[in-house]
Amino acid sequence: MRVLRRGDSGVDVADVNTMLHALGLLRAASDPTAATAFTVETEHAILAFQQQRGLRADGLVERATYLALRGAQYHLGSRPLTFVFSAPANGDDVLALQQQLNGLGYDPGRCDGVFGSRTLNALRRFQRDGGLDPDGVCGAETVRALHRLVRVPAAGGRPLLLREQEKLRKSGRRLRGKRIVIDPGHGGPDTGAVHGHTTEAELMWDLARRLEGHMVAVGMDALLSRGANNSPSVARRTKLANDADADLLLSLHCAHHSSPHARGVASFHFGNGDVTTTTAGELLARLVQRELVARTAQPDCGTHPKTWDILRHCRCTALHLELGYLSNPADRALLEDSTFRDQVAEGILVAVKRLYVLDAMDQPMTGTFTVDDILRHESA
Ligand SMILES: [Zn+2]
């Protein structure tokens, strides 16, 4: 294509004007001659478009600007989308699809408006989970399913939550055989929060080993997401949980704050804040908070929905726990105390047990609950 600039005219300019008009950037031409002319108004509209899109703002319509203008004409559903290796679809509809898949917990790769193989895989997983034909074509049926899920808050913004809930419901009340990924935060060169010689990475590794011991003791299949001295990426950690078809992932952290007064424990579960139903993650977060606050007298910093990658990319119920502030002297003394770490490990185990018991039994267990109670309950 030729580069179009102010002063040019012709059918290709008319095409550009039409596209700018459709985007609301240019008023309709007053007469047929104006419609085919690259006017000062056209140039201003192109500059505005280029600025919006992060393109070089030079007022010229070269290939990149032209393709972006074309791509901007599409809305999700205005054409069927699929992966074409030789000529990947490109446009605002692809971007919308990627953003929706991403928001729903499927990883389409970078949201760049280009339909690549990762977008294809994410689309197929979404279709499979949604009971659609996983053909990798985003047509009318898939668009309707996407709209339904994005609109209906009961889905929690993530259809995976439906499957997660179903899995929880079907999995029964016993812990035995349940697979849990214990994810000690950071590791190796990534120390996380530090105070003096105390590092978050080492404390969480120790806590993870204690938790692993408790979980193995009750017959759970516990996996650690890292070794004593390495730090896999978040993507690797979530992949481990997904590949292992885990029931739960617990990411263990402590916090650091510029104010030494900040202290307490907090639990984070997947959510974008507009969820009206209780998800398994939220329920577990509340149970963990309750147990930890009751056992350790740590201040309760509450449960919070987050869309962090570790929570979003896990197909199972996942929590990110902040077990105290290394920057606070009282919290630090607790975290450095192995008795406290044992209490935390036991509290987490009891919370996990409660999650399954509450969900699967008519009469939820009440009162305090110890590891011995769990062992008795498991063998009953
Ligand atoms: Zn951390």
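The rules behind each value
- Residues numbered from 1 in each chain as written.
- Predicted model: local features only at pLDDT ≥ 70, side-chain atom pairs only at ≥ 80, totals over all residues.
- Heavy atoms only, no water.
- Donors = N, O, S within 2.8 Å, 3.2 Å for Na, K, Ca; no water.
- Helix = DSSP H or I, 4+ residues; strand = E, 2+ residues; numbered from the N terminus.
- Buried < 20%, exposed > 50% of the residue type's maximum accessible area, 1.4 Å probe, protein only.
- Pairing = 2+ DSSP bridges.
- Axes fitted to C-alpha atoms, helices over the stretch in contact; angles between N-to-C directions.
- Contact = heavy atoms within 4.5 Å.
- Core = buried A, V, L, I, M, F, W, Y, C linked by side-chain atoms within 4.5 Å.
- Disulfide = S-S within 2.5 Å.
- Phe/Tyr/Trp six-rings, centres within 6.5 Å; stacked < 30°, edge-to-face > 60°.
- Lys NZ or Arg CZ within 6 Å of the ring centre and 35° of its normal.
- Parallel < 35°, antiparallel > 145°, perpendicular 65-115°, else oblique.
- Left-handed = near helix turned anticlockwise from the far one by under 90°.
- Salt bridge = Lys/Arg side-chain N within 4 Å of Asp/Glu carboxyl O.

Colleague: Which residues make up the coordination of the zinc ion, and what values go with them?
Modeller: His-186 (NE2), Glu-200 (OE) and His-253 (ND1) make up the full set of protein donors to the zinc ion, lying at 2.0 to 2.1 Å. Read from N- to C-terminus, the donor residues coordinating the zinc ion fall into the pattern H-x13-E-x52-H. Residue His-186 is located in the loop between strand E1 (179-184) and strand E2 (194-195), and its partner Glu-200 is located in helix H9 (residues 200-217); the two are separated by 14 residues in the primary sequence. Each member of the pair, His-186 as well as Glu-200, carries the same accessibility label: buried.

Colleague: Which residues make up the sheet that holds strand E4 (residues 221-224), and what values go with them?
Modeller: Strand order across the open sheet formed by six strands is E4-E1-E5-E8-E6-E7, with mixed pairing between neighbours. With one partner strand each, in any of the chains shown, E4 and strand E7 (300-306) form the two edges of the open sheet. Across the sheet, the axes of successive neighbouring strands diverge by a mean angle of 20 degrees, strand direction being ignored. Relative to E7, strand E6 (residues 265-270) runs parallel, the two sharing five bridges. Note that in E7 the partner of His-269 across the bridge is Pro-305. Relative to E1, helix H10 (residues 234-243) is tilted by about 170 degrees, and along the sheet it contacts E1, E4 and strand E5 (248-255).

Colleague: Give a detailed account of the nonpolar core, specifying residues and quantitative values.
Modeller: Core analysis: the biggest nonpolar cluster contains 40 residues, and Met-215, Leu-250, Leu-252, Leu-284, Leu-323, Ile-348 and Val-352 have the highest contact counts within it. Residue assignment for this core shows that the elements contributing at least two residues are E1, H9, E5, helix H11 (280-296), strand E8 (317-325), helix H14 (338-360) and helix H15 (371-379). Considering each element in turn, this core owes the most residues, ten residues, to H14. Counting 19 residues, the second largest nonpolar core, distinct from the first, contains Leu-97, Tyr-106, Leu-120 and Leu-123.

Colleague: Describe the state of the cysteines, listing the residues and the values that go with them.
Modeller: Enumeration according to the criterion identifies zero disulfides in this entry. Between Cys-314, a cysteine without a disulfide, and Cys-316, which holds the nearest cysteine sulfur, the sulfur-to-sulfur distance is 4.6 Å. With a relative accessible area of 3%, Cys-316 lands in the buried category.

Colleague: Break down the packing of aromatic side chains for me, with residues and values.
Modeller: The tally for this structure, following the rule as stated, stands at three aromatic pairs. Seen from their ring centres, Tyr-106 and Phe-126 are 5.8 Å apart, and the 85 degrees between their planes marks the pair as edge-to-face. Of the two residues, Tyr-106 is situated in the loop between helix H5 (92-103) and helix H6 (117-129) and Phe-126 in helix H6; the sequence distance between them amounts to 20 residues. When its relative accessible area of 1% is taken as the criterion, Phe-126 is described as buried. The lysine or arginine in question, Arg-79, covers the ring of Tyr-74, its NZ or CZ lying 3.4 Å from the ring centre. One Lys or Arg, Lys-178, reaches over the ring of Tyr-356 and ends 4.3 Å from the middle of that ring.

Colleague: Any chance you could break down the pairing of E6 for me, citing the residues and the numbers?
Modeller: Of all six residues in E6, six are buried, a share of seventy percent or more. Sheet topology places E6 next to E8; four bridges connect them, and they run antiparallel. Its bridge partner being in E8, Phe-268 is matched across the sheet by His-320.

Colleague: Describe the packing of helix H1 (residues 11-22) against helix H3 (residues 40-53), and please don't skip the residues or the numbers.
Modeller: For the pair H1 and H3, the least separation of the axes is 11 Å and the interaxial angle reads 55 degrees. In terms of orientation, H1 lies oblique with respect to H3. In the packing of H1 onto H3, the handedness of the crossing is left-handed. Two secondary-structure elements touch here, H1 through Val-16, Asn-17 and Leu-20 and H3 through Thr-42, Ala-45 and Ile-46.

Colleague: Can you tell me about the pattern of salt bridges, naming the residues and giving the values?
Modeller: Under the counting rule described, the total for this entry stands at 19 salt bridges. For Asp-342, the salt bridge goes to Arg-210, with nearest N and O atoms at 3.3 Å. You can see Asp-342 sitting in helix H14 and its partner Arg-210 sitting in helix H9, a full 132 residues away along the chain. Classification of Arg-210 by relative accessible area gives partly exposed; the value is 23%. Between Arg-295 and Glu-291 there is a salt bridge whose closest N-O contact spans 2.9 Å. Within this pair, Arg-295 and its partner Glu-291 are both found in helix H11, separated by four residues, close to a single helical turn. Given a relative accessible area of 6%, Glu-291 falls into the buried group. Each of the salt bridges in this network shares a partner with another, and the network as a whole consists of Asp-206, Arg-210, Arg-341 and Asp-342.

Colleague: Any details on the pairing of E8? Residues and values, ideally.
Modeller: Within E8, nine of the nine residues are buried, which leaves it mostly tucked inside the rest of the structure. Alignment of E5 against E8, held across seven bridges, turns out to be parallel. Along E8, the bridge assignment pairs Leu-250 with Leu-319.

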